[in-house]
Amino acid sequence: MTNQKQTATCRLKQDYMRLKRDPVPYITAEPLPSNILEWHYVIKGPEDSLYYGGYYHGTLLFTKEFPFKPPSIYMITPNGRFKTNKRLCLSISDFHPDTWNPAWSVATILTGLLSFMLETTPTMGSCETTPYEKRRYAQQSLEFNMKNEVFQELFPEICEEINERLQKIEEQRKQAAATAEEGSNGKEAAAGETETADGSVFVAGRSGADDSNIWHSLYTNLIVLVGFVVFALIVHYVIKSMNI
């Protein structure tokens, strides 16, 4: 048993060195410092996929018999393709020891996992979701992963990327809110309304117009009144002449 563990440890160390020397696109993996048989990985959603923008954290649990027996594969981050915290039934996992090849490395396992993630073939541990749900999970993965202490400990560089993205998202939200507020204020300005120091609303450009309308009404009423007086005098004169 001890020899088997030594074999597994030696092989996993070699795989780790290969991964550092020749990184796998979209994939980062680190073993636990306290247990080399437990690996954690992060898959970055490829640009041309529904998972773009997402960071998907999961684990590979190796046995002491590795590389002669395959690992268990789990996904931790909600993603819309695999159920979380469930053993995944893949040809590269312990569900199918009959198809396992001892020559396969950690890089091979994770490359196969990414390939299967981008497919739609159902299997034990997979789930069906809409494209919209997958994109939503991709957005939510940022904050979800940052709540995981192991994730933060093993992937500090990825955490920096996520924090930068979260800051940009927050800035965009603030800009959108400011733009909406400016648009609202612009409508009020178009109506000519401004707030005075005492909190009342002054309607610019309306005071002169209102004054003009008042004087116009007064002049009209005066003319009507004068006309009525003149008419009354004429009637009075006519009646007086008839009496004469």
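Residues numbered from 1 in each chain as written. Predicted model: local features only at pLDDT ≥ 70, side-chain atom pairs only at ≥ 80, totals over all residues. Heavy atoms only, no water.

(A) Here's a closer look at the pairing of strand β2 (residues 35-44). Pairing of strand β1 (residues 27-32) with β2 involves 6 bridges; the strand directions are antiparallel. From the neighbouring strand, Ile 27 faces β2, where its bridge partner is Ile 43. Between β1 and the antiparallel strand that follows it, β2, lie 2 residues. Judged from the 7 bridges that link them, β2 and strand β3 (residues 55-61) form a sheet pairing that is antiparallel. If you follow Trp 39 over to β3, its bridge partner there is Leu 60. (Pairing = 2+ DSSP bridges. Helix = DSSP H or I, 4+ residues; strand = E, 2+ residues; numbered from the N terminus.)

(B) Quick look at the packing of aromatic side chains. One pass over the structure, following the stated rule, counts 8 aromatic pairs. Measuring from centroid to centroid gives 5.8 Å for Tyr 51 and Tyr 56, while their planes differ by 90°, and the two rings are edge-to-face. Tyr 56 matches Tyr 51 in its accessibility class, with the two residues each being buried. Taking the centre distance of 6.2 Å and the plane angle of 15° together, the rings of Phe 82 and Phe 116 count as stacked. Of this pair, Phe 82 sits in the loop between β4 (72-75) and α2 (106-117) while Phe 116 sits in helix α2, placing them 34 residues apart in sequence. In terms of burial, Phe 82 and Phe 116 fall into one category: buried. Among the aromatic side chains, those forming a connected cluster through ring pairs are Tyr 16, Trp 39, Phe 62, Phe 66, Trp 100 and Trp 104. (Phe/Tyr/Trp six-rings, centres within 6.5 Å; stacked < 30°, edge-to-face > 60°. Buried < 20%, exposed > 50% of the residue type's maximum accessible area, 1.4 Å probe, protein only.)

(C) A look at the pairing of β3. Here β3 lies mainly inside the structure; 6 of its 7 residues are buried. Of the pairings in the sheet, the one linking β3 to β4 comprises 4 bridges and is antiparallel in character. When the bridges of β4 are listed, Leu 61 appears paired with Ser 72.

(D) Local environment of unusual backbone geometry. Between Phe 66 and Pro 67 the backbone carries a cis peptide bond, its omega angle lying at 15°. Following the sequence through the fold, Pro 67 ends up in the loop between β3 and β4. In this structure, Tyr 26 takes a positive phi of about 70° despite not being glycine. Position of Tyr 26 relative to the elements: it lies in the loop between α1 (2-21) and β1.

(E) View of the pattern of salt bridges. Per the stated rule, a full pass over the model turns up 7 salt bridges. In this structure, the salt-bridge partner of Asp 15 is Arg 11, at a minimum N-O distance of 3.3 Å. Residue Asp 15 and its partner Arg 11 are both found in helix α1; the two are separated by 4 residues, about one turn of the helix. Across the salt bridge formed by Asp 15 and Arg 18, the nearest N and O atoms sit 3.3 Å from each other. Taken as a pair, Asp 15 and Arg 18 lie in helix α1 at a separation of 3 residues, close to a single helical turn. Of the residues examined, Arg 18 reaches a relative accessible area of 40% and is grouped as partly exposed. (Salt bridge = Lys/Arg side-chain N within 4 Å of Asp/Glu carboxyl O.)

(F) Region of interest: α2. The end-to-end C-alpha distance of α2, which contains 12 residues, comes to 16 Å, matching closely the 16 Å that a straight helix rising 1.5 Å per residue would cover. Those residues of α2 that sit buried are Val 106, Ile 109, Leu 110, Leu 113, Leu 114, Phe 116 and Met 117. One side of α2 holds all its buried residues, which, seen down the axis, span an arc of 165°. (Expected span 1.5 Å × (residues − 1). Arc of directions from axis to C-beta.)

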